[in-house]
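Per-entry structural report
Spelled out, the chains give:
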Amino acid sequence: AQSVTQLDSHVSVSEGTPVLLRCNYSSSYSPSLFWYVQHPNKGLQLLLKYTSAATLVKGINGFEAEFKKSETSFHLTKPSAHMSDAAEYFCVVSDQTGTASKLTFGTGTRLQVTL
Amino acid sequence: EPEVTQTPSHQVTQMGQEVILRCVPISNHLYFYWYRQILGQKVEFLVSFYNNEISEKSEIFDDQFSVERPDGSNFTLKIRSTKLEDSAMYFCASSNLLSRNQPQHFGDGTRLSIL
């Protein structure tokens, strides 16, 4: 079974400083990986996806993630945090069996952005 | 941009009562999903649905749960006799292709509170 591990439950950064949210995956084959963001009282919004085309993936709102097979990692980064980035971030792996596809979520990382 | 919409946003129900959570997936999507997130825990897969039948379900999705696409636009999750432990945020999602590379698009969720 595939899984993802988010190494930090809570990350706090100052506005304007870089963001790093860590994710490691476990998969017996090349995984399909996603980052989703959840703002308070909102649904899950797709930030970006990795599907084996390019190892550096750019997403919305200035976020990007790099797939590193040697480290089994898919960390999410942003050069400069904004107050509006404060939210919960989920690293997700996708699997498909037969006529079904399902997502397996990490435990989430809550990003706090301070002035 | 098309959205997945869920109603109600918050449902309060007495234990033992039946509850129906409603979702309108994106109109050209063919694959539908329910996930839940118990407070403080991971987002968990419940069920996937395609071509008017369940394609996969988790062990959480027992006989108390059922899903239905009663018409061309709605996708519902029914819990027959609710328990306290059913209190959670329930998310509906949809996608237009069957592929582990295809992201799923989520609604804002229904917060279900069982008293």
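Everything discussed here concerns the structure shown above.
None of these values were measured; they are calculated from a predicted model. (Residues numbered from 1 in each chain as written. Chains lettered and ligands numbered in written order. Predicted model: local features only at pLDDT ≥ 70, side-chain atom pairs only at ≥ 80, totals over all residues. Heavy atoms only, no water.)

1. Some words on the overall build of chain B
Heads up, the rule is: Only DSSP runs of H or I reaching four residues or more are called helices, and only runs of E reaching two or more are called strands; each is numbered from the N terminus. Between the two quantities, the radius of gyration covers C-alpha atoms and the globule rule is 2.2 Å times the number of residues to the power 0.38.
Counting its regular elements, chain B contains zero helices and eleven strands. Element order for chain B, N to C, with α for helix and β for strand: β-β-β-β-β-β-β-β-β-β-β. For a compact globule of 115 residues, the expected C-alpha radius of gyration is about 13 Å, and chain B comes in at 13 Å, within 12% of that figure. Oriented by its inertia axes, the alpha-carbon framework of chain B measures out at about 40 × 30 × 30 Å.

2. Some words on the overall build of chain A
Short version of the rule: Note on definitions: a residue-residue contact is assigned when non-hydrogen atoms from the two residues lie within 4.5 Å. Using a 1.4 Å probe, accessible areas were evaluated by the Shrake-Rupley method; residue-level cover was limited to the displayed protein chains. Working convention for charge: Lys and Arg count positive, Asp and Glu count negative, and His plus the chain ends are omitted. Note on charges: their place is set at NZ of Lys, CZ of Arg, CG of Asp or CD of Glu.
Summing up its helical and strand segments, chain A has zero helices and twelve strands in all. Reading the secondary structure of chain A in the N-to-C direction produces β-β-β-β-β-β-β-β-β-β-β-β. The C-alpha radius of gyration of chain A comes to 14 Å, within 12% of the 13 Å expected for a compact globule of 115 residues. Summarising its shape, the C-alpha atoms of chain A cover approximately 50 × 30 × 20 Å along the three principal directions. Relative to all contacts within chain A whose residues are 6 or more apart in sequence, the contacts with residues 24 or more apart total 56%. For chain A, the accessible surface area stands at approximately 5,400 Å², while carbon and sulfur atoms represent 51% of it. With 9 positive and 8 negative side-chain charges, chain A shows a spacing of 5 Å between the two charge centroids.

3. With respect to the side chain of Gln64(B)
Quick reminder of the rule: In protein, a polar contact requires one atom able to donate a hydrogen and another able to accept it; more generally it is a pair of N or O atoms within 3.5 Å, and residues adjacent in sequence count only if both atoms are side-chain atoms.
Here Gln64(B) shows up in the loop between strand S6 (53-57) and strand S7 (65-68). A distance of 2.7 Å separates a polar atom in the side chain of Gln64(B) from the backbone oxygen of Ser81(B).

4. Observations concerning the state of the cysteines
We count it as follows: Two cysteine sulfur atoms form a disulfide, by the criterion used here, when they sit within 2.5 Å. Residue burial is assigned from relative accessible area. The probe radius is 1.4 Å, only protein chains are included, and a residue is buried under 20% of its type maximum, exposed over 50%, and partly exposed in between.
Enumeration according to the criterion identifies two disulfides over all chains in this entry. Put simply, Cys23(A) and Cys91(A) are joined by a disulfide, and their sulfur atoms are 2.0 Å apart. Looking down the S-S bond of the Cys23(A) and Cys91(A) bridge, the torsion is -65 degrees, so its handedness is left-handed. Of this pair, Cys23(A) sits in strand S4 (residues 23-26) while Cys91(A) sits in strand S10 (residues 87-97), placing them 68 residues apart in sequence. Classification of Cys23(A) as buried rests on a relative accessible area of 0%. One disulfide in the model links Cys23(B) with Cys92(B); its S-S distance is 2.0 Å. Residues Cys23(B) and Cys92(B) are joined through a disulfide that is left-handed, its torsion about the S-S bond being -65 degrees. Highlighted residues: Cys23(B) in strand S3 (residues 19-24) and Cys92(B) in strand S9 (residues 88-95), separated in sequence by 69 residues.

5. Observations regarding the sheet that holds strand S8 (residues 75-79) of chain B
All names here are of chain B. What counts, and what does not: For two strands to be treated as a pair, DSSP must find at least two bridges joining them. Axis definition: a line fit to C-alpha positions, over the contact stretch in the case of helices; interaxial angles, taken between N-to-C directions, run 0 to 180 degrees.
Spatially, the four strands line up as an open sheet ordered S1-S3-S8-S7, and their pairing is antiparallel. Both edges of this open sheet fall to strand S1 (5-7) and S7, since each of them pairs with a single strand only. Here the average twist between neighbouring strands, direction ignored, is 20 degrees. Here S7 runs beside S8; their pairing, made up of four bridges, is antiparallel. When the sheet's bridge partners are listed, Glu68 is paired in S8 with Thr76.

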